[in-house]
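Residue-level listing of the chains:
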Amino acid sequence: ARIAAENAKKAAEELKEKLKDIKVEFTLKVGENGRVFGAISFKQVEEELKKQHGLIIDKRKIITKGNINSLGITKLEIELYKGVVGIITVHVSEAK
């Protein structure tokens, strides 16, 4: 069991390094006054990670609170293993 835990932690460390270089892209509609319509949910982030990068991350492991409801770059913290936290970059741009 201990070897399995060490392997899981090692795999989490490797995934943490991989996540550093990953950016997930989204678009949101924006009104005339610059307000965004809607938000990006963690479920959408989970689906796009799988679609864009082939990575499977459980949305329940995302530590950052609340949906993404602004344009620009948001960093999400994901607990990959106990004590191993990866950071993923989410970029939200204006839908044309």
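Once a new chain begins, its residue numbering starts again from 1 and follows that chain's sequence as written. Local features in this predicted model are restricted to residues whose pLDDT is 70 or higher, and side-chain atom pairs enter the listing and the counts only when it is 80 or higher, whereas totals over whole chains, interfaces and linings include all residues. The side-chain values count all of the structure's non-hydrogen atoms but skip hydrogen atoms and water molecules.

## A look at the overall build of the protein chain
Here's step 1: Working definition: helices are DSSP H or I runs of at least four residues, strands are E runs of at least two. Numbering for both runs from the N terminus. In terms of helices and strands, the protein chain carries two helices and four strands.
Here's step 2: What you see in the protein chain, going N to C, is helices and strands ordered as α-β-β-α-β-β.
Here's step 3: Each principal axis of the C-alpha distribution contributes one length, and for the protein chain these read about 55 × 25 × 15 Å.
Here's step 4: Contacts between residues were defined by any pair of non-hydrogen atoms, one from each residue, lying within 4.5 Å. Expressed as a percentage of contacts within the protein chain between residues at least 6 apart in sequence, the contacts between residues at least 24 apart total 50%.

## Some words on the pattern of salt bridges
Here's step 1: In the sections that follow, a salt bridge refers to a side-chain nitrogen of Lys or Arg positioned within 4 Å of a carboxyl oxygen of Asp or Glu. Per the counting criterion, the structure on display carries five salt bridges.
Here's step 2: Here E17 and K20 are joined by a salt bridge, their closest N and O atoms 3.2 Å apart. Here K20 and E17 lie together in helix α1 (residues 2-20), a separation of three residues that amounts to about one turn.
Here's step 3: The buried label goes to any residue with under 20% of its type's maximum accessible area, the exposed label to any with over 50%, and the partly exposed label to all in between, with areas taken from a 1.4 Å probe on protein chains only. Exposure remark for K20: the relative accessible area of 52% places this residue in the exposed category.
Here's step 4: As a salt-bridge pair, R60 and D58 come within 2.7 Å of each other at their nearest N and O atoms.
Here's step 5: Residue classification places R60 among the exposed positions, given a relative accessible area of 70%.

## Re helix α2 (residues 42-53)
Here's step 1: Multiplying 1.5 Å by the residue count of a helix minus one yields the expected span of that helix. Between its first and last C-alpha, α2 extends 16 Å over twelve residues, near the 16 Å set by a 1.5 Å rise per residue.
Here's step 2: For α2, the set of buried residues is F42, V45, E48 and L49. The buried residues of α2 occupy an angular sector of 115° when projected down its axis, which confines them to one face. Away from its buried face, by an angle of more than 90 degrees, α2 presents the exposed residues K50 and K51.
Here's step 3: Contact partners of the buried residues in α2: β1 (23-30), β3 (72-81) and β4 (84-94).
Here's step 4: Where α2 ends, the next residue or the one after it, G54, has phi of about 70°, a positive value. Starting at the helix axis, one direction is taken to each C-beta atom, and the arc is that of these directions.

## Comments concerning the side chain of T89
Here's step 1: Along the chain, T89 falls in strand β4.
Here's step 2: T89 sits in the buried class, given a relative accessible area of 8%.
Here's step 3: At a separation of 3.1 Å, a polar atom in the side chain of T89 contacts the side chain of K75.
Here's step 4: When residues no more than four places from it in sequence are discounted, the contact partners of T89 are I22, K23, V24, I73, T74 and K75. As used in this structure description, the phrase polar contact means that two N or O atoms lie within 3.5 Å; if the pair is within protein, one of them must be able to donate a hydrogen and the other to accept it, and residues adjacent in sequence are counted only when both atoms belong to side chains.

## Digging into the environment of A4
Here's step 1: Within the fold, A4 resides in helix α1.
Here's step 2: With 72 residues separating them in the primary sequence, A4 and L76 have C-alpha atoms 27 Å apart.

On their own, these measurements won't tell you what the molecule is for.
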